[in-house]
Amino acid sequence: MHGLTTVILAAGEGKRMRSRQPKVLHELCGRPLISYSLRLARMVGDRIVLVVGPNADGVRAVAGDGVGIVEQRERLGTGHAVLQARPQCEAVVGPILVLPSDVPLLSVETIERLVGHHATTGAAATLLTAIVDRPHGYGRVLRQGGRVKRIVEDRDATDDEKKVSEINTSVYCFDSRRLWPALERVRPENDQGEYYLTDAIGLLAKAGGRIEAIAVEDPEEALGVNDRRQLAALAAIQRRRILDRHMLAGVTIMDPATTYIDDTVTIGPDTVIYPNVIIDVASEIGGDCVIGAGCQIRATRLGDRVSLKPYCVLTESVIDNGAVMGPFCHLRPKSHVGENAEIGNFIELKKAKVGRRTKAHHVGYLGDVTIGDGANIGAGTVFVNYDGAAKHQTVVGDGAFVGSNTSIVAPLTIGEGAYVAAGSVITKDVPADALAVERAPQVVKEGWAARRREKRAAKPKE
Ligand code: UD1
Ligand code: CA
């Protein structure tokens, strides 16, 4: 909305998280809590002022450019926090939207409804409330003759007040001209000895200001994160929303109950995801892929028609169109599997580039290696990249054939179309189209076994 300034409160310590890191940096489905409020503020308004606590470098980093940041040095409460934003809001004549940083499931539609309602009624303040079954822990909205009179915090409420099921979501729209004078009159007269933003509502109402309130249609939107149980409960809701979004966009998810997909992940249509899959950290999955049971995909890009058989673990890698992987393969960071390549079972890749149509089907370690197109890496091949002190590179040319149970001791190069015989320990370069064999010649002694049997039979029994 044009001319809307949003103040986001993110200076709270989050004591109930019992954590060394600020609450707002805890992740919900792969994104820090604070990023949910920031995204909402960006979508509904123009300017953002973020109130942070001391030592909040991590929070500042998430906010990035274009966000005004003020520090609340002493955490004296939500009202005090909003006051810290005043110098940055001096020029604001329009409405000020206040968002908490620990209520991440709010929708854009709800906030737009709130701001729209505030604009049409010309209220001094408009609250976003929720009618919930279990209001415990939240501030209650107290009305008289239908009109909002004040908000009482759970810990300050009488038994009767605690029965009120309409709660404060901590989302408000204020008339900026009336907000600051009211905040200055807030006193820390409550159980916590804090300056409560909620008291500004009571003060405005007392002074004859009109307080409006609209309730969220879906009370789930109002859920806040104060402790890790709530974090898990909200993550379950958000996870389901993410899965619904993908399913509506054409992704088959066989068992939503056991599928974990971060908010930052993209997936193309007609991809099928089997049970017990985790996809996180901004992975990108193409269309028509099959993600087998138990796969874990992190910060990895899959093209189209990629097939992951069960239990592949992929990290910070790229897999091109049509590749077939697993079961049980492990891609460590900076691996790149080319189009239609086949990486089979019990293969580990690390900083490995595998060309198009290249096959490595059974058991092996491909570390620090660049393999060309159409090569074949036999069962049990190990690229011996580490000499105990440093890592070394291997290059394998297009169409090369590496026989089974081979060790390739880096650094070296195997030329295009070359053959390496099975069981070799290769320590020197192999030229293109050559054959390299490194093993003792086989000795055959005709009739040896039969003679041995005869000898033993002739021996007298003891
Ligand atoms: C607050 C509301 C409560 C409401 C609930 C909804 C007050 C007094 N209470 O309670 O009515 O039902 O949210 O979730 O406002 N913060 C600061 N500086 C501070 C203290 C808090 O920036 O000094 C920030 C926190 O980071 C958080 C927000 O303000 O984002 C709310 O603070 P929190 O302590 O979580 O308040 P609640 O007890 O949840
Ligand atoms: Ca809270």
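In what follows, the structure referred to is the one given above.
Each value, and the rule that gives it
- Residues numbered from 1 in each chain as written.
- Chains lettered and ligands numbered in written order.
- Predicted model: local features only at pLDDT ≥ 70, side-chain atom pairs only at ≥ 80, totals over all residues.
- Heavy atoms only, no water.
- Buried < 20%, exposed > 50% of the residue type's maximum accessible area, 1.4 Å probe, protein only.
- Helix = DSSP H or I, 4+ residues; strand = E, 2+ residues; numbered from the N terminus.
- Pairing = 2+ DSSP bridges.
- Right-handed = clockwise from strand over helix to strand, strands pointing away.
- Near = heavy atom within 4 Å.
- Polar contact = N/O pair within 3.5 Å; in protein donor to acceptor, adjacent residues only side chain to side chain.
- Areas by Shrake-Rupley, 256 points an atom, 1.4 Å probe, with all protein chains shown as cover.
- Patch = residues over 30% accessible without salt bridge, like charges linked within 9 Å, V, L, I, M, F, W, Y side chains within 5 Å.
- Salt bridge = Lys/Arg side-chain N within 4 Å of Asp/Glu carboxyl O.
- Phe/Tyr/Trp six-rings, centres within 6.5 Å; stacked < 30°, edge-to-face > 60°.
- Lys NZ or Arg CZ within 6 Å of the ring centre and 35° of its normal.

Digging into the pairing of strand β4 (residues 47–52)
Right, so step 1: For β4, the tally of buried residues reaches five of six residues, placing the bulk of the element in the interior.
Right, so step 2: Note that β4 and strand β5 (residues 68–71) share four bridges and pair parallel. What sits directly across from Val-51, in β5, is Val-70.
Right, so step 3: A crossover connection joins β4 to the parallel β5 through helix α2 (residues 57–63); in handedness this β-α-β unit is right-handed.

Focus on the site of ligand 1
Right, so step 1: Contacts to ligand 1 come from 25 residues, most closely from Leu-9, Gln-72, Thr-78, Glu-153 and Asn-168.
Right, so step 2: Here Gln-72 contributes a side-chain N or O atom positioned 2.7 Å from a nitrogen atom of ligand 1.
Right, so step 3: Between Asp-102 and ligand 1, the recorded distance is 3.0 Å, taken from a side-chain N or O atom to an oxygen atom.
Right, so step 4: About the coverage of ligand 1: the protein hides 91% of its 750 Å² of free accessible area.
Right, so step 5: When residues of the shell around ligand 1 are assigned to their parent elements, the largest contribution, three residues, is made by strand β10 (residues 166–175).

Some thoughts on a nonpolar patch on the surface
Right, so step 1: A contiguous nonpolar surface patch, about 410 Å² in accessible area, is contributed by Tyr-311, Phe-328, Phe-346 and Val-363.
Right, so step 2: Checked against the element boundaries, Tyr-311 lands in the loop between β21 (307–308) and β22 (313–315).

Quick notes on the packing of aromatic side chains
Right, so step 1: Per the counting criterion, the structure on display carries four aromatic pairs.
Right, so step 2: With a centroid separation of 5.4 Å and 25 degrees between ring planes, the pair formed by Tyr-172 and Phe-174 is classed as stacked.
Right, so step 3: With a centroid separation of 5.2 Å and 10 degrees between ring planes, the pair formed by Phe-328 and Phe-346 is classed as stacked. Placement of Phe-328 in the loop between β24 (324–325) and β25 (329–331) and of Phe-346 in strand β27 (residues 342–354) is noted, with a sequence separation of 18 residues between them.
Right, so step 4: Positioned above the aromatic ring of Tyr-386, the side-chain terminus of Lys-391 is 4.8 Å from the ring centre.

So, the environment of Ala-232
Right, so step 1: Summarising the element assignment, Ala-232 is placed in helix α9 (residues 228–248).
Right, so step 2: Through-space distance from the C-alpha of Ala-232 to that of Arg-143 is 33 Å; in sequence the pair is 89 residues apart.

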